[in-house]
Amino acid sequence: MSNYMKLELSALSENESFARSVVAGFCLPLNPTLTELSDIKTAVSEAVTNCVVHGYKRKGEDKTITLECSIRKDEENGVGELHIVVCDNGCGIEDVERAKTPFFTTLEGEERSGMGFTIMQAFMHEFSVESEVGKGTRVTMVKRIGAQEE
Amino acid sequence: MQLITNCQNKTVYITLRGELDEHTASRARKDADKLVEQYASCESAVFDLREMSFMDSTGIGFLIGRYKAFSRYGVVCYIGGVTPATDRILSMSGIYALMPKL
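Residues numbered from 1 in each chain as written. Chains lettered and ligands numbered in written order. Predicted model: local features only at pLDDT ≥ 70, side-chain atom pairs only at ≥ 80, totals over all residues. Heavy atoms only, no water.

Now for the overall build of chain A. When helices and strands are counted, chain A shows four helices and five strands. For chain A, the α and β elements follow one another from N to C terminus as β-α-α-β-β-α-α-β-β. In terms of overall dimensions, chain A is globule-like: its C-alpha atoms have a radius of gyration of 15 Å, near the 15 Å expected for 150 residues. Overall size of chain A, expressed as C-alpha extent along the three principal axes, is 50 × 30 × 25 Å. Considering chain A as a whole, with its 150 residues, one finds that 49% of them fall into the buried category. For chain A, the proportion of contacts with a sequence separation of at least 24, taken over those separated by at least 6, is 64%. Surface summary for chain A: the accessible area is close to 7,600 Å², and the carbon and sulfur share equals 48%. (Helix = DSSP H or I, 4+ residues; strand = E, 2+ residues; numbered from the N terminus. Rg over C-alpha atoms; globule rule 2.2 N^0.38 Å. Buried < 20%, exposed > 50% of the residue type's maximum accessible area, 1.4 Å probe, protein only. Contact = heavy atoms within 4.5 Å. Areas by Shrake-Rupley, 256 points an atom, 1.4 Å probe, with all protein chains shown as cover.)

Bringing the environment of A:Lys6 into the picture now. Residues and elements named next belong to chain A. Residue position: Lys 6 is located in strand E1 (residues 2–10). Taking the relative accessible area as the measure of exposure, Lys 6 reaches 52% and is therefore exposed. Spatially, the C-alpha atoms of Lys 6 and Glu 68 are 4.4 Å apart, while their sequence positions differ by 62 residues. Among all residues touching Lys 6, those that are not within four sequence positions of it are Thr 66, Leu 67 and Glu 68.

So, about the packing of helix H1 (residues 15–26) of chain A against helix H2 (residues 34–55) of chain A. Residue and element names in this part refer to chain A. Look at H1 against H2: their axes get within 9 Å of each other, and the N-to-C directions meet at 140 degrees. When the axis of H1 is compared with that of H2, the two are oblique. In terms of crossing hand, the pair formed by H1 and H2 is right-handed. Residues Glu 16, Ala 19, Arg 20, Val 23 and Ala 24 of H1 form the contact with H2, whose participating residues are Leu 37, Ile 40, Lys 41, Val 44, Ser 45, Val 48, Thr 49 and Val 52. (Axes fitted to C-alpha atoms, helices over the stretch in contact; angles between N-to-C directions. Parallel < 35°, antiparallel > 145°, perpendicular 65-115°, else oblique. Left-handed = near helix turned anticlockwise from the far one by under 90°.)

Residue and element names in this part refer to chain A. If you walk across this open sheet you meet the five strands as E1-E2-E3-E5-E4, and the pairing is antiparallel. On the outer flanks of this sheet lie E1 and strand E4 (126–132), each paired with one strand and no other. Neighbour-to-neighbour, the strand axes of the sheet open up by a mean angle of 10 degrees, direction not taken into account. Where E4 and strand E5 (residues 136–145) come together, seven bridges link them in antiparallel fashion. Looking across to E5, one finds that Ser 128 is bridged to Thr 140. With respect to the sheet, H1 is in contact with E1, strand E2 (64–73) and strand E3 (80–88), its orientation differing from that of E1 by roughly 175 degrees. (Pairing = 2+ DSSP bridges.)

Taken together, the contacts link 19 residues of chain B with 24 residues of chain A. The junction of chain B with chain A conceals about 1,800 Å² of combined surface from both sides, 51% of it contributed by carbon and sulfur atoms. Broken down residue by residue, the surface that chain B buries against chain A is led by B:Glu22, B:Arg88 and B:Met92, which jointly contribute 33%. A:Arg112 is paired through a salt bridge with B:Glu22; the nearest N and O atoms lie 2.7 Å apart. Of all the secondary-structure elements, those providing two or more residues to the side of chain B that touches chain A are helix H1 (22–38), strand E4 (52–55), helix H2 (58–71) and helix H3 (84–93) of chain B. Along the lines of polarity and charge, the residues of the side of chain B that touches chain A split into seven nonpolar, five polar and seven charged. (Buried area = accessible area lost by both parts, 1.4 Å probe. Salt bridge = Lys/Arg side-chain N within 4 Å of Asp/Glu carboxyl O. Nonpolar A, V, L, I, M, F, W, Y, C, P; charged D, E, K, R; others polar.)

Okay, the pairing of strand E3 (residues 44–48) of chain B next. Residues and elements named next belong to chain B. By the criterion of burial, E3 is predominantly enclosed, with five of the five residues buried. Taking every second residue as pointing to the same face, both faces of E3 are buried, with Ser 44, Val 46 and Asp 48 on one and Ala 45 and Phe 47 on the other. Bridge analysis of strand E2 (residues 11–20) against E3 gives five bridges, and the strand direction is parallel. If you follow Tyr 13 over to E3, its bridge partner there is Val 46. With five bridges joining them, E3 and strand E5 (residues 76–80) adopt parallel strand pairing. The partner of Phe 47 across the bridge, within E5, is Ile 79.

In structure tokens:
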């Protein structure tokens, strides 16, 4: 069994709840546990929030987030995989390694924890960030569902 | 996000109900800061997360911000009613060193 979806949405904080609910709904055929669902929703929320808060700095530009998901299930062993890609066409990240450092934030005075990337990494099985200054940022995450934890 | 308060023996219990993310945080901060003023004479404040249906890393910033606000009045802060999901996020942040978990 495999399935795919692609969604384009405005980079507005109103869409954070919508985005994480869509992904949670989409991966239901993999029969995730409540913990797995909660991990997925949290990771998606972090990724989308990054696009909303950091992605777009220029006034009047078209602020869009693209959310792509695919699921695949091995019917033999029941193990499923959810792939998520969250990208924006915004300002990009100058130093991705630094941005991934726990507690690092470019917005000091705003009660930002700087834990977004750290949480995505901890809650998903695979996680990567590709970014180009002036072009945008693309976060890819994979969650395996129903597998024995290593 | 709704904040529900209950004050007993100089301890104010603040129950967070609903979803806390970047979108709901600004309103929640304003509401919570009013409560800080209102309960500044308490000895302690307990943030009860039992009724929180969703929280991402925004919650860490939110709680630390309220910890700072209450601390100005000498109110000691605690976190109660954590769920496995909120506990994982909060543990990673080290926030329990400031606001012990009940």
